[in-house]
Each structure stands twice: as structure tokens, then as C-alpha cells.
Amino acid sequence: MTKLLTLLVGGIATLAAAQTAAPYTDAKSNITFQAYQHTTGYFLGLALPNDPTGNTDVIVTIGGKGTGWSGVSLAGPMKNALLVLAWPNSQAIVGSFRKTAQYGSPLIATGTFTQTLIANGTYINSTHWTYTFLCSKCIQTDGTTFAASANTTVLGYALNSAAPSNKANAASSVSKHTSRGQVTFDLVKARSKDFATWKAWATPKVQQGFQA
Ligand code: HEM
Ligand SMILES: *[C@@H]1O[C@H](CO)[C@@H](O)[C@H](O)[C@H]1NC(C)=O
Ligand SMILES: *[C@@H]1O[C@H](CO)[C@@H](O)[C@H](O)[C@H]1NC(C)=O
Ligand SMILES: *[C@@H]1O[C@H](CO)[C@@H](O)[C@H](O)[C@H]1NC(C)=O
Ligand SMILES: *[C@@H]1O[C@H](CO)[C@@H](O)[C@H](O)[C@H]1NC(C)=O
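Quick caveat: nothing in here was measured; it's all calculated off a predicted structure. (Residues numbered from 1 in each chain as written. Chains lettered and ligands numbered in written order. Predicted model: local features only at pLDDT ≥ 70, side-chain atom pairs only at ≥ 80, totals over all residues. Heavy atoms only, no water.)

Student: Would you mind showing me how to read the overall build of the chain here?
Tutor: Along its length, the chain carries three helices and 14 strands. Each of the 212 residues in the chain was classed as buried or not, and the buried ones make up 47%. Across the chain, the fraction of contacts at a sequence separation of at least 24, relative to all contacts at a separation of at least 6, is 62%. (Helix = DSSP H or I, 4+ residues; strand = E, 2+ residues; numbered from the N terminus. Buried < 20%, exposed > 50% of the residue type's maximum accessible area, 1.4 Å probe, protein only. Contact = heavy atoms within 4.5 Å.)

Student: How do you make sense of the state of the cysteines when you look at a structure like this?
Tutor: Each disulfide is one covalent bond, formed between the sulfur atoms of two cysteines. Summed over the entire model, instances satisfying the criterion amount to one disulfide. Each sulfur in the disulfide pair Cys135 and Cys138 lies 2.0 Å from the other. Note on the Cys135 and Cys138 pair: the S-S dihedral is about -75 degrees, so by sign convention the disulfide is left-handed. A relative accessible area of 0% places Cys135 in the buried class. Using a relative accessible area of 1% as the deciding quantity, one classes Cys138 as buried. (Disulfide = S-S within 2.5 Å.)

Student: So what exactly am I meant to see when it comes to the site of ligand 2 here?
Tutor: What surrounds ligand 2 is the set Lys28, Ser29, Asn30, Asn120 and Trp201. Taking Asn120, its side chain carries an N or O atom lying 2.3 Å from an oxygen atom of ligand 2. Taking Trp201, its side chain carries an N or O atom lying 3.3 Å from an oxygen atom of ligand 2. Protein contacts shield 45% of the accessible area of ligand 2, which totals 360 Å² for the unbound molecule. The residue makeup of the shell around ligand 2, split by class, is one nonpolar, three polar and one charged. (Near = heavy atom within 4 Å. Polar contact = N/O pair within 3.5 Å; in protein donor to acceptor, adjacent residues only side chain to side chain. Areas by Shrake-Rupley, 256 points an atom, 1.4 Å probe, with all protein chains shown as cover. Nonpolar A, V, L, I, M, F, W, Y, C, P; charged D, E, K, R; others polar.)

Student: Is there a simple way to explain the coordination of the iron atom of ligand 1 in this structure?
Tutor: Ideal values differ by geometry: the angle at a metal is 109.5 degrees with four tetrahedral donors, but 90 or 180 degrees with six octahedral donors. The protein atoms that coordinate the iron atom of ligand 1 are Met78 (SD) and His177 (NE2), at distances spanning 1.9 to 2.1 Å. A residue is classified by how much of its surface remains accessible, and Met78, at 21% relative accessible area, is partly exposed. (Donors = N, O, S within 2.8 Å, 3.2 Å for Na, K, Ca; no water.)

Student: I tried to follow the side chain of Gln34 on my own but got confused; where do I start?
Tutor: Here Gln34 is to be found in strand E2 (residues 32-37). Apart from residues lying up to four places away in sequence, Gln34 is in contact with Ala21, Ala22, Pro23, Leu44, Gly45, Leu46, Phe185, Asp186, Lys189 and Ala190.

Student: Whenever I open this one, the pattern of salt bridges confuses me. Can you help?
Tutor: Side chains bearing opposite charge may pair, as long as their charged atoms lie close to each other. The tally for this structure, following the rule as stated, stands at three salt bridges. For the salt bridge of Asp186 with Lys189, the shortest nitrogen-to-oxygen distance reads 3.9 Å. Its relative accessible area of 25% is what places Asp186 among the partly exposed residues. For Asp194, the salt bridge identified is with Lys193, shortest N-O distance 3.3 Å. (Salt bridge = Lys/Arg side-chain N within 4 Å of Asp/Glu carboxyl O.)

Student: Is there a simple way to explain the layout of surface pockets in this structure?
Tutor: In this approach a probe as big as a water molecule rolls over the atoms, and the regions it shows empty are the leftover space. Within this model, the largest pocket holds a volume of roughly 500 Å³. What lines the largest pocket is a set of 26 residues, among which Trp69, Met78, Ala158, His177 and Arg180 lie closest to the centre. Listed by contribution, the elements that provide at least two residues to the lining of the largest pocket are strand E5 (69-73), strand E6 (83-89), strand E12 (152-160) and strand E13 (179-186). The leading source of residues in the lining of the largest pocket is E5, at four residues. Each residue belonging to the lining of the largest pocket can be placed in one class, and the counts come to 12 nonpolar, 10 polar and four charged. (1 Å grid on protein atoms, 1.4 Å probe; cavity = no way out; pocket = protein on both sides within 12 Å on 5 of 7 lines; lining within 4 Å. Points joined across faces, edges and corners; volume = space filled by probe spheres on them.)

Shown next as C-alpha cells:
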């Protein structure tokens, strides 16, 4: 009996460690993503166009439970990757791009990439916050993100259930993650014929108080 239990527990642990994304449709925007969900309530989803040739855009949904921060590494590792960091501030979401060459609170990254809000995919309810945006010119060719042509990739996720010290400031430093890891995304499954329709929903800063 003890042995059987050990085997069972071992089997479950193996399953839990094999982290992958799965199809997920956001309840409010009705956009379908390939998404990873963490037991803390953190989630991360991607949607891509059907034709990856030369594409630099991706629609991202990221969020969590409570008021802490959620982040993604678009390349997988924390270092030398394009990171997106977001958290709720009252009824708005604060989002930023970050990059760092060393472990530590990553500084703001600047480049041609932009985040443009998709309004009905961005909300705060009684349990979770959700930020959905068009990440434009986000797919780079310098290794700081996954490649447009990739059929599968590993992304990094990180979160801390505690809010940043200065949550009204998009450049705020954050405390180290309380959970982090890497997840395999099937990018073929993230592709949709509806991408162009969803992309057209992105409108700059329509939500009052939004910062990116
Ligand atoms: C004060 C802030 C931060 C510190 C001190 C920090 C430090 C570290 C360290 C030391 C590791 C190696 C494994 C570990 O010790 O857990 C790591 C891993 C990781 N971090 Fe951070 N981190 C910070 C913020 C962030 C942010 C904001 C993100 C994402 C937006 C992020 C994403 C990751 C990811 C994806 C990993 C796993 C992959 C890897 O090891 O490169 N980190 N971090
Ligand atoms: C989300 O917003 C877009 C643009 O305003 C709209 O066309 C779409 O129908 C909305 N989605 C839902 C499920 O209402
Ligand atoms: C949600 O999207 C699916 C296709 O992805 C569509 O068939 C359905 O009508 C949409 N529902 C709403 C409420 O817009
Ligand atoms: C809040 O939104 C999240 C993300 O869409 C959803 O998973 C959760 O069920 C929602 N909670 C409530 C109480 O509606
Ligand atoms: C992705 O899959 C397509 C179709 O199978 C294939 O033609 C292409 O070479 C693959 N791309 C990569 C980078 O492996």
C-alpha cells in the first residue's frame, strides 16, 4: 500500500512537472489563446496569426489572482530576454517591457515594441486581474524572444503574489518571484485565422488610468 501510494504520488509529481500550455478562451473578449495556468492563479496566453512569415506581432493575455505581479520571458530565460511585467493598480493594469543582463529587478526595456490594450480582454474581477494586449514588433530576431518561424517554444513565467512597492509607476522595481519556471508552448496551436480581427480591437489607452 505504501509502495503504491509512493508510485501514485510520483506519477502525479511527474505530470505536474511536465508544464505545457493548452487552449483557453477568455470569457470577456472571446479571444482564444494557447495558455499556461499556474496553481497560484497566474496565467499566460498567446495568440498568433496563421501565417508566421515575417510576423512580429503576438496577442498576449497575462494575469493572476490577487494584486501581485505576473511576468513573462518571451525567450525562456530571465536574462537577456524581452520580458513583460504587469500588475493591477486599483482598477487599471500597469504593464511594461523589461530586460536585464543579471538577476535582479529588471529595468525598463526600450525598443520599437509596443503594448496596446485590448479593452474587453483587460479587467479586474473579484478574484483575478487580466491584461490582454497586442504586443506589436515583439517577435525579435536577436534571440531575445522566440522566433516567428518557431513551431514550438519555451517561455519563462514568473510571479510574486505581493504587489510592487510603487505600483502606480510602470518602472517600479519588484521583489523577486515567489514562483518561476519555463513552459513549452505549441505555437502552431496558438495560430488563428481570427488574429487580424482580434488585432484590430487593440486601441491605445482607452481604459482610464492605463499605463504601458
Ligand atoms: C528582484 C527581482 C528579481 C530577482 C532578484 C530575480 C532573480 C532570479 C534568479 C536568481 C533566478 C534563478 C533561479 C532562482 O533563483 O529562482 C531567476 C529565474 C527566473 N526569473 Fe527572475 N528575478 C527577478 C525578477 C524577475 C522578473 C520580473 C521576471 C519576469 C518578468 C523574471 C523571470 C525569471 C524567469 C522566467 C526565471 C527562470 C528562468 C531562468 O532561470 O532564467 N524574474 N530570477
Ligand atoms: C470585444 O471588443 C471588440 C472590439 O470592441 C468587439 O468587436 C468584440 O465583439 C468584443 N468581444 C465580445 C465577446 O463582446
Ligand atoms: C466566440 O468566438 C467563436 C469563434 O472563435 C464564435 O463562434 C462565437 O460566436 C464567439 N462568441 C461571441 C459571444 O462572440
Ligand atoms: C475572474 O476572471 C478570471 C480570468 O478570466 C476567471 O478565471 C475567473 O473565474 C473570474 N472570477 C470570477 C469570480 O468571475
Ligand atoms: C514548422 O512546421 C512546418 C510545417 O510542418 C515546417 O514546414 C517548418 O519547417 C517548421 N518550422 C521549424 C522552424 O521547424
